[in-house]
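Fold and contact review
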Amino acid sequence: MQRFQCYINGEFTDGEARFESIDPATGLAWAEMPEAREADVDRAVEAAHNALQEGAWPKMTATARGKLLYRLADLVAENAGKLAELETRDTGKIIRETSAQIAYVADYYRYYAGIADKIEGAHLPIDKPDMDVWLRREPIGVVAMVVPWNSQLFLSAVKIGPALAAGCTMVVKASEDGPAPLLEFARLVHEAGFPAGVVNIITGFGPSCGAALSRHPRVDHIAFTGGPETARHIVRNSAENLASTSLELGGKSPFIVFADADLESAANAQVAGIFAATGQSCVAGSRLIVESTVKDRFLEILKAKAEAIRIGSPLDMATEVGPLATRRQCEHVQDLVARSLAAGVRLVTGGTAPEGAGFYYRPTILDCDGSPSPSLDNEFFGPVLSVLSFETEAEALRLANDTRYGLAAGVFTQNLTRAHRLMKGIRAGIVWVNTYRAVSPIAPFGGFGLSGHGREGGLAAALDYTRTKTVWLRT
Ligand code: NAD
């Protein structure tokens, strides 16, 4: 069995306890993970606090910080194969996807390497002739980063990259469900040469390790990605240290298809939008809202594509859908499908788990027209698409906004005037028109409503890891 360690104050160390990590493709333990508890959290946060105050990091120029980030980006690219394999092994996310994603994880680090020396302050034109007044941008301080199991390398890169560019120090808590890739990434942080204590990477359970980290008195900011219920715990914990928070939460994203859309291309985007990562994506296009005149035709295309998907070992390059990450997640999907069927929805395809070991579930489509289905308002975080149809543009918009979430939306139409109207009316942080799931380090990412607040990606995310200091100088 492979053994992993935490990375605290520049050293690889065991946690206070250990736990076994389960391979989702077999349901069997494959690795031993360190379990950080309160004393480990304390050591990690103290290390981050000390690295912020003294030693090489606070004296380093922004350009030098950028160079370290470029080195880290190169190391991520050089070690892409190993990182992708570990992420696949520990979370079940297929190797095709983890390999592709590592390439843009490196891009994100490279982007923030270039941002490091572009974070500028200002000189303020105060109406006093004998005063010079500046606004300095300083690092926000010690950042606690708490991430979920899906896409841990990516979801931590969008936090670690801008935080390092801004000069912060940090403690990253990998999810207990699949921490291997982030614990391995710690080796690259070490090799890149960041001073001890600048980046600390631990793992442990949410209610113990995550809670101790988010209420720690030396934490200044908490960057969280996960579910809304956990976010409530985090925000309650932050009442202790009064840390600021940024929250990237779940979604129930509408995918609107008009009759004039290129249906084949929309269907490809819909299939990838809901079944990629076995549906365990915050931006999964999980609510199809399709114009009634093309509903039957579109569902036929989707059904054929869903049934042709190759389900298999996540380590096989030919596999298109792998297992869910945990038994708990698989049971949640099964339960929500069963409740939706009991509420009267029509099963178009899927709805069962394939024979054999592992946490697999077939790509599933539920026709929810005419049934008040629990599948429409609850996040599956699994390979299940709920379908509704509409008659008018106004109805499409109403259905799209009929959710407590507001992370992303897709609009498929050849009428760009209509696309513009919808783009303005949709309540979501990202709207994709005739495409879905496109990402770039330059484009901010984040949600409205239950999908959280704060934005990741882009220059503004680096500024969010700074705070301003106003300096008055009598001349
Ligand atoms: P989760 O909320 O259960 O766990 C996320 C992290 O929080 C884990 O590291 C966990 O250990 C920690 N945690 C749990 N309880 C805690 C507590 N009481 N205090 C502090 N930390 C605690 O989320 P999950 O089930 O691992 O991931 C799925 C959720 O994440 C979904 O809702 C999904 O939509 C969301 N997500 C959002 C985005 C985004 O960018 N918006 C991206 C990916 C996933």
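Above this text sits the structure in question.
About the thresholds
- The written sequence of each chain sets the order in which its residues are numbered from 1.
- Totals for whole chains, interfaces and linings use all residues, but because this is a predicted model, local features are given only for residues with pLDDT of at least 70 and pairs of side-chain atoms are given and counted only at 80 or more.
- Computation of side-chain values covers all heavy atoms of the structure but excludes hydrogens and water.
- Whether two strands pair comes down to DSSP finding at least two bridges between them.
- Under the scheme used here, helices are H or I runs from DSSP no shorter than 4 residues and strands are E runs no shorter than 2 residues, and both carry numbers assigned from the N terminus.
- Lines fitted to C-alpha atoms define the axes here, with helix axes fitted over just the stretch in contact, and angles between the N-to-C directions of these axes take values from 0 to 180 degrees.
- Contact between two residues is taken to exist if any of their heavy atoms lie within 4.5 Å; hydrogens are not considered.
- In this text, buried Ala, Val, Leu, Ile, Met, Phe, Trp, Tyr and Cys residues form a nonpolar core when linked through side-chain atoms within 4.5 Å.
- Each residue is placed in one exposure class: buried if its accessible area under a 1.4 Å probe, protein chains only, is under 20% of its type's maximum, exposed if it is over 50%, and partly exposed if it falls in between.
- We define a polar contact as two N or O atoms separated by no more than 3.5 Å, with the added condition that, inside protein, one atom must be a possible hydrogen donor and the other a possible acceptor, whereas residues neighbouring each other in sequence contribute only through side-chain atom pairs.
- Expected helix span is given by 1.5 Å per residue-to-residue step, counting one fewer step than there are residues.
- Working definition: the arc comes from the directions between the helix axis and the C-beta atoms, pointing outward to the latter.

Turning our eyes to something else, we now look at the sheet that holds strand β16 (residues 364–367). Within a sheet, neighbouring strands are paired by backbone hydrogen bonds and run either parallel or antiparallel to one another. The seven strands are arranged β15-β16-β17-β14-β13-β18-β19 in an open sheet whose pairing can be described as mixed. Both edges of this open sheet fall to β15 (346–349) and β19 (430–433), since each of them pairs with a single strand only. Across the sheet, the axes of successive neighbouring strands diverge by a mean angle of 25 degrees, strand direction being ignored. Relative to β16, β15 runs antiparallel, the two being bridged by three bridges. Of the residues in β16, the one forming a bridge with Thr349 is Ile365. With respect to the sheet, helix α10 (residues 263–275) is in contact with β13 (254–257), β14 (287–291), β16, β17 (384–390) and β18 (408–412), its orientation differing from that of β13 by roughly 170 degrees.

Time to look at the nonpolar core. Counting residues in hydrophobic clusters, the biggest one holds 63 residues, and the most contacted among them are Val76, Tyr109, Leu164, Met170, Phe185, Phe194 and Ile201. In terms of residues, this core owes the most to one element, helix α6 (residues 152–166), which gives ten residues. Residues contacting Met170, with those up to four places away along its chain left out, are Ala48, Val143, Met145, Ile160, Ala163, Leu164, Val198, Val199 and Asn200. One finds Leu263, Phe275, Ala284 and Ile309 within the second-largest nonpolar core, a separate group that totals 33 residues.

A word on the side chain of Ser21. Relative to the elements of secondary structure, Ser21 occurs in strand β4 (residues 17–23). The class of Ser21 is buried, set by a relative accessible area of 3%. Within the structure, Ser21 has its side chain in polar contact with the side chain of Asp90 (distance 2.7 Å). Leave out the neighbours within four places in its chain, and Ser21 touches Leu28, Ala29, Trp30, Ala31, Met33, Asp90, Gly178 and Pro179.

The next point concerns helix α9 (residues 228–241). Relative to the 20 Å expected for 14 residues at 1.5 Å per residue, α9 spans 20 Å between its end C-alpha atoms, a close match to the ideal helical length. Among the residues making up α9, those that are buried are Pro228, Ala231, Ile234, Asn237, Ser238 and Asn241. When α9 is viewed along its axis, its buried side chains cluster within an angular range of 165 degrees and face the same direction. Across α9 from its buried face, at more than 90 degrees, point the exposed residues Ala239 and Glu240. Each element contacted by the buried residues of α9 is listed here: β8 (142–146), α8 (206–214), β11 (221–225) and β12 (244–248).

The alternating pattern of β16 places Thr364 and Leu366 on one face and Ile365 and Asp367 on the opposite face, and all of these are buried. Pairing analysis gives four bridges linking β16 to β17, with the strands arranged parallel. Within β17, the residue paired with Leu366 across the bridge is Ser386.

Glancing now at helix α14 (residues 416–425). Inspection of α14 places Arg418, Ala419 and Leu422 among the buried residues, and these make up the whole buried set. Taken around the axis of α14, the buried residues stretch over an arc of 100 degrees, which confines them to a single face. For α14, exposure combined with an orientation more than 90 degrees from the buried face picks out Leu416, Thr417 and Lys424. In this structure, the buried side of α14 is in contact with α13 (393–400), β18 and β19. A side-chain oxygen of the first residue of α14 lies 3.1 Å from the backbone nitrogen of Thr417; this N-cap is Asn415.

So yeah, pure geometry; function would need other evidence.
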